[in-house]
Amino acid sequence: MIGFLQNLADALSLGSLYALAALGVGLLFGILRLVNFAHGDFISIGAYALIVPSFEVTAQLFIGTWNWSLMIPAVTLIVVIVALISDALVFRPLRRANAPTLMIASFAVSYVIQNGILMVYGARPKAANLWSGLDAPILLGDLRIPLLQVVTIGVTLALMALLTLFLKRTPYGVMMRAAAEDFRMAQYLGVRGNFVIGLAFAISGILATAVSLLYLSQTGTLGPTMGVPLALFAFVATVIGGMGSLLGAVVGGFLVGFIVIMLQAYLPEDLRVFRDAFAFTFVILILLFRPSGIVPTRAFIERV
Amino acid sequence: MAPVSKSTPHASMLRRYWPLAALCAILTVLVGVGSLIGSDQLQVTLTEMLIRLIVVVGIYTFIGNAGILSFGHIGFMCVGAYAAAWATVDPTWKQMMLTGLPDFLQQNQYGFLPAVAGAAVLAGLVALVIGAAIMRLSGIAGSIATFALLAIVNSVYSNWESVTAATSSIIGVPAVVGPWVAWMFAIGALVLAYVFQVSRFGLMLRASRDDEVAAKSSGVNVVRMRLIAFVVSAMIVGVAGALYAHFLGILTADTFYLSMTFVTLAMLVVGGVGSLFGAVAGVIVVTVIVEVLRHIEAGVPLGGITIQIPQGSQEIGLGIAMALILIFRPAGLTRGNEIAFPFGRAARRKRKAAAS
């Protein structure tokens, strides 16, 4: 029982990271129909922004040594700026392009960012120690939960609540929801398209920063492609959750985290190396039974 | 497709297969010139480009006709590459390292052509089994399902110690593939892809791509058409995998994962997803860009000075070039058109219009 609760805590904290990443991906998809592969690289940039540019193996924290109340806004600002620049330079000229073209354009952005990081910081993974104080466990009876997991889950819930409030209660949030529902109609009714899309990029940058800080303090290593697996799981999460639905993205994120952790824990020893194969088999099964996702959105049901 | 006109059967045949003939001619000239004047480095580049071309043509056979973006095809390349290597690697090494292989593979060594055939068959079988399940999915759900397929293949092949040697690579695959061998298979892939595309199956599938509901209501069995295309394209890509194994001489599963998927998809989209010409043009253009950037990175003497860009800017340059092409030609370089027939009445009218 204790073992299961321990796994559940692991699943919730991993699921939180996937859910946050999936929200960033889902937000852009809802409005732009953009499957943004560069989201993983926004996450990498958030982590690399903390350290001094060099080829050293042990990363020296730079912004990372600042007090958190200064450091978090600084890193967020950097990631948001990168997200806005990639929108302005690449995605804005492609507003009318179809989905595959947009997706390949996001590959191109991702490729440029990854190799940019490679040029400045070198290819080798680096060790970095962020918030090591969070390793201390919290004891709940026999259950030992690392403080970091509690923080991860807490931050995720807080960000989701904030995003919900923003979308439901502020005029900008209402504009974004209108744009996600029917972009052209929203424009006719006076929603400024580029502004709303810029806003969506900025928010997805903020979410990416949260993921990169939490992820970095969990793993303690940086690599030029560190964000890629996170983004890939985030796509899977948004699709099985229901493309275009933010609730679906969150549900999908937690579900993927749950599947991965439980397979890791309960697969027989000699099959454990094939964990990802099993996880993705689950993904295919979910898609076969719910092709439009667990939380289908009306905007994506094709009308004839 | 081609405008109907009163002409002899031969002329209409020619018109129908003109785009294919033109592409084959372009490829032949390219390889001919390359192998006449080329250095060893150029031969290697040319071979690799032709193998990529087969991959992209294979992927196109599915994506271009079915209209579903597939991330999974590099998985078939992996399946094909390993299948061929299992056949051609020295049996003593196999008995030592690949203890899980079935006896007929472990005890014997087969020739290159049977190995390629085996690669095509195994890739086609995997596509048939998995495709039977996932071809019902359209749009983004279908794309993610194919991505799941890629991830499954990668996970299995990079961890199944007794069959794929897992992280330690398979070595000693005979490196028999040069530009002309690759050319032969590339022509074969072009012919297969084009014949499929203008066949009844191809046309029905294209109809379902343009309007799934209308095609269904006209009696097209969309799922079956997709499955046929999936299997054909997987076999082409599987053959490319076999060639790649016999080009590199060494095999690791991670060769066939994300970066290969991205590069080949990017080539297809840059060229134009909708036409075979687009697949070929994308491969050639992206390869040329990469080669030019690589040369500049190594340093180009110009007059008295050497022009050189810093290390790593080759990749960044490629990313920027791709983004620019997409921004200025969102539907790809060919905009989904095949090479037009230059001798017909329509072409003459067009020339006249341009002249006046």
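Just so it is clear, the model here is predicted, and its values are computed rather than measured. (Residues numbered from 1 in each chain as written. Chains lettered and ligands numbered in written order. Predicted model: local features only at pLDDT ≥ 70, side-chain atom pairs only at ≥ 80, totals over all residues. Heavy atoms only, no water.)

J.: Just checking my understanding: could you explain the overall build of chain A for this structure?
T.: A count of helices and strands for chain A gives 11 helices and 4 strands. Considering only C-alpha atoms, chain A reaches an extent of 55 × 45 × 35 Å along its principal axes. Within chain A, buried positions represent 52% of all 304 residues. Long-range contacts, defined as pairs at least 24 residues apart, comprise 74% of the intrachain contacts of chain A with a sequence gap of at least 6. Summing over all exposed atoms, chain A offers an accessible surface of approximately 13,600 Å²; the carbon and sulfur share of this is 67%. Side-chain charges of chain A comprise 17 positive and 12 negative groups, with the mean position of each set lying 14 Å from the other. (Helix = DSSP H or I, 4+ residues; strand = E, 2+ residues; numbered from the N terminus. Buried < 20%, exposed > 50% of the residue type's maximum accessible area, 1.4 Å probe, protein only. Contact = heavy atoms within 4.5 Å. Areas by Shrake-Rupley, 256 points an atom, 1.4 Å probe, with all protein chains shown as cover. Lys, Arg positive; Asp, Glu negative; His and termini not counted. Charge placed at Lys NZ, Arg CZ, Asp CG, Glu CD.)

J.: Can you help me understand the domain arrangement of chain B in this one?
T.: Many analyses report the size of an interface as the accessible area lost when the parts associate. Residue and element names in this part refer to chain B. We note that the domain assignment places domain 1 (26-255) and domain 2 (257-341) within chain B. Here the C-alpha centroids of domain 1 and domain 2 sit 22 Å apart. The partner domain 2 presents 22 residues to the 33 residues of domain 1 that form the contact. Per-residue buried area on domain 1 facing domain 2 is highest for Arg52, Val56 and Tyr60; these three make up 23% of the total on that side. Along the contact surface separating domain 1 from domain 2 lie 0 salt bridges. Taken together, domain 1 and domain 2 are joined by 4 residue pairs in polar contact (both at pLDDT 80 or more). Broken down by element, the residue count for the side of domain 1 that touches domain 2 peaks at 12 residues, all from helix H2 (residues 40-66). Per-class residue counts for the side of domain 1 that touches domain 2 are 22 nonpolar, 7 polar and 4 charged. (Domains from an automatic or database assignment. Buried area = accessible area lost by both parts, 1.4 Å probe. Salt bridge = Lys/Arg side-chain N within 4 Å of Asp/Glu carboxyl O. Polar contact = N/O pair within 3.5 Å; in protein donor to acceptor, adjacent residues only side chain to side chain. Nonpolar A, V, L, I, M, F, W, Y, C, P; charged D, E, K, R; others polar.)

J.: Sorry, what's going on with the packing of helix H2 (residues 39-48) of chain A against helix H9 (residues 227-241) of chain A here?
T.: Geometry of a packed helix pair, given as the angle between the helix axes and the separation of the axes. Residue and element names in this part refer to chain A. The geometry of H2 relative to H9 is characterised by a closest axis approach of 7 Å and an angle of 140 degrees between their N-to-C directions. What the angle tells us is that H2 and H9 run oblique. Between H2 and H9 lies a crossing of right-handed hand. From H2, Gly40, Ile43 and Ser44 reach across to H9, where they touch Gly227, Val228, Leu230 and Ala231. Its residues placed into classes, the contact of H2 with H9 shows 4 nonpolar, 3 polar and no charged. (Axes fitted to C-alpha atoms, helices over the stretch in contact; angles between N-to-C directions. Parallel < 35°, antiparallel > 145°, perpendicular 65-115°, else oblique. Left-handed = near helix turned anticlockwise from the far one by under 90°.)

J.: How should the interface of chain B and chain A be read in this particular structure?
T.: In this assembly, 39 residues from chain B lie in contact with 38 residues from chain A. Taken as a group, Ile140, Ile144 and Ile327 of chain B account for 15% of the area that chain B buries against chain A, more than any other trio of residues on that side. Inspection of the chain B/chain A interface yields 0 salt bridges. Counting every contact that joins chain B to chain A gives 3 residue pairs in polar contact (both at pLDDT 80 or more). Looking at the side of chain B that touches chain A, the elements with two or more residues in it are helix H6 (112-134), helix H7 (139-157), helix H13 (258-271) and helix H15 (313-328) of chain B. Broken down by element, the residue count for the side of chain B that touches chain A peaks at 11 residues, all from H7 of chain B.

J.: Please explain the confidence of the model for chain B as it appears in this structure.
T.: Any residue range with low pLDDT should be treated as having predicted coordinates unsuitable for detailed reading. Here chain B averages 86 in pLDDT, and 95% of its residues register 70 or above. Averaged pLDDT values for the elements of chain B fall to 68 in helix H16 (residues 345-355) of chain B and rise to 94 in helix H12 (residues 222-248) of chain B. (pLDDT = per-residue confidence, 0-100.)

J.: Which parts of the structure should I look at to understand helix H3 (residues 73-88) of chain B?
T.: In a regular helix each residue adds 1.5 Å, so 16 residues correspond to 22 Å; H3 of chain B covers 23 Å between its end C-alpha atoms and thus fits that length. For H3 of chain B, the buried fraction is high: 16 of the 16 residues fall into the buried class. (Expected span 1.5 Å × (residues − 1).)

J.: What is the right way to read the packing of aromatic side chains from this model?
T.: To describe a pair of aromatic rings, you give the distance between the ring centres and the angle between the ring planes. Within the structure shown, the criterion is met by 22 aromatic pairs over all chains. With a centroid separation of 5.2 Å and 75 degrees between ring planes, the pair formed by Trp180 of chain B and Trp183 of chain B is classed as edge-to-face. Note that Trp180 of chain B and Trp183 of chain B are positioned in helix H9 (residues 179-198) at a spacing of 3 residues, about one turn of the helix. Given a relative accessible area of 22%, Trp183 of chain B falls into the partly exposed group. Taking the ring centre of Phe195 of chain A as reference, the NZ or CZ of Arg192 of chain A above it sits at 4.8 Å. (Phe/Tyr/Trp six-rings, centres within 6.5 Å; stacked < 30°, edge-to-face > 60°. Lys NZ or Arg CZ within 6 Å of the ring centre and 35° of its normal.)

J.: Please explain a nonpolar patch on the surface as it appears in this structure.
T.: Residue and element names in this part refer to chain A. On the surface, a cluster of nonpolar side chains totalling about 510 Å² of accessible area is made up of Met1, Ile2, Phe4, Leu5 and Tyr266. Per-element accounting of the nonpolar patch gives the leading share, 3 residues, to helix H1 (residues 2-32). Within the fold, Tyr266 resides in helix H10 (residues 246-266). Residue Tyr266 is classed as partly exposed on the basis of its relative accessible area, which comes to 49%. (Patch = residues over 30% accessible without salt bridge, like charges linked within 9 Å, V, L, I, M, F, W, Y side chains within 5 Å.)

J.: What is the right way to read H10 of chain A from this model?
T.: Residues spaced three or four apart along an α-helix point in a common direction, a consequence of the helix completing one turn every 3.6 residues. Residue and element names in this part refer to chain A. Spanning 21 residues, H10 covers 30 Å between terminal C-alpha atoms, matching the ideal 30 Å at 1.5 Å per step. Within H10, the full set of buried residues consists of Gly248, Ala249, Val250, Gly252, Gly253, Val256, Gly257, Ile259, Val260, Ile261, Met262 and Leu263. Looking at the buried side of H10, the elements it contacts are H1, helix H5 (147-169), H9 and helix H11 (275-289). Where H10 begins, the side chain of Ser245 points an oxygen toward the backbone nitrogen of Gly248, at a separation of 2.8 Å.

J.: Is there a simple way to think about the environment of Pro137 of chain A in this case?
T.: All names here are of chain A. Its place among the elements puts Pro137 in strand E2 (residues 137-140). Under the relative-accessibility criterion, Pro137 is labelled partly exposed at 41%. Residues Pro137 and Leu147, spaced 10 residues apart in sequence, show a C-alpha to C-alpha distance of 5.4 Å. Other than its neighbours up to four places away in sequence, Pro137 contacts Arg144, Ile145, Pro146 and Leu147.

J.: Sorry if this is basic, but what is going on with the pairing of strand E3 (residues 143-146) of chain A here?
T.: Looking down a regular strand, the side chains alternate between one sheet face and the other. Covered by surrounding structure in E3 of chain A are Leu143 and Ile145 of chain A only, the residues Arg144 and Pro146 of chain A on the alternate face being uncovered. Connecting E2 of chain A to the antiparallel partner E3 of chain A that follows it, the hairpin turn spans 2 residues, and Gly141 of chain A within it adopts a positive phi of roughly 65 degrees. (Pairing = 2+ DSSP bridges.)

J.: Looking at this structure, how should I read the pattern of salt bridges?
T.: If charged atoms from side chains of opposite charge come close, those side chains can pair. Under the counting rule described, the total for this entry stands at 8 salt bridges over all chains. In this structure, Arg95 of chain A and Asp87 of chain A form a salt bridge, with 3.2 Å as the shortest nitrogen-oxygen distance. Using a relative accessible area of 24% as the deciding quantity, one classes Arg95 of chain A as partly exposed. Ionic pairing is found between Glu212 of chain B and Lys216 of chain B, a salt bridge with its closest N-O pair at 3.3 Å. Within this pair, Glu212 of chain B and its partner Lys216 of chain B are both found in helix H11 (residues 212-217), separated by 4 residues, close to a single helical turn. The class for Glu212 of chain B is partly exposed, based on a relative accessible area of 22%. Connected through salt bridges with shared partners, the residues Glu212, Lys216 and Arg226 of chain B form a single ionic network.

J.: Sorry if this is basic, but what is going on with the packing of H3 of chain B against H7 of chain B here?
T.: All names here are of chain B. Packing of H3 against H7 brings their axes to within 8 Å, and their N-to-C directions diverge by 30 degrees. Classified by the interaxial angle, the pair formed by H3 and H7 is roughly parallel. Residues Ile74, Gly75, Phe76, Cys78, Val79, Tyr82 and Trp86 of H3 lie in contact with H7, whose contacting residues are Leu149, Leu150, Val153 and Tyr157. The residue makeup of the contact of H3 with H7, split by class, is 10 nonpolar, 1 polar and no charged.

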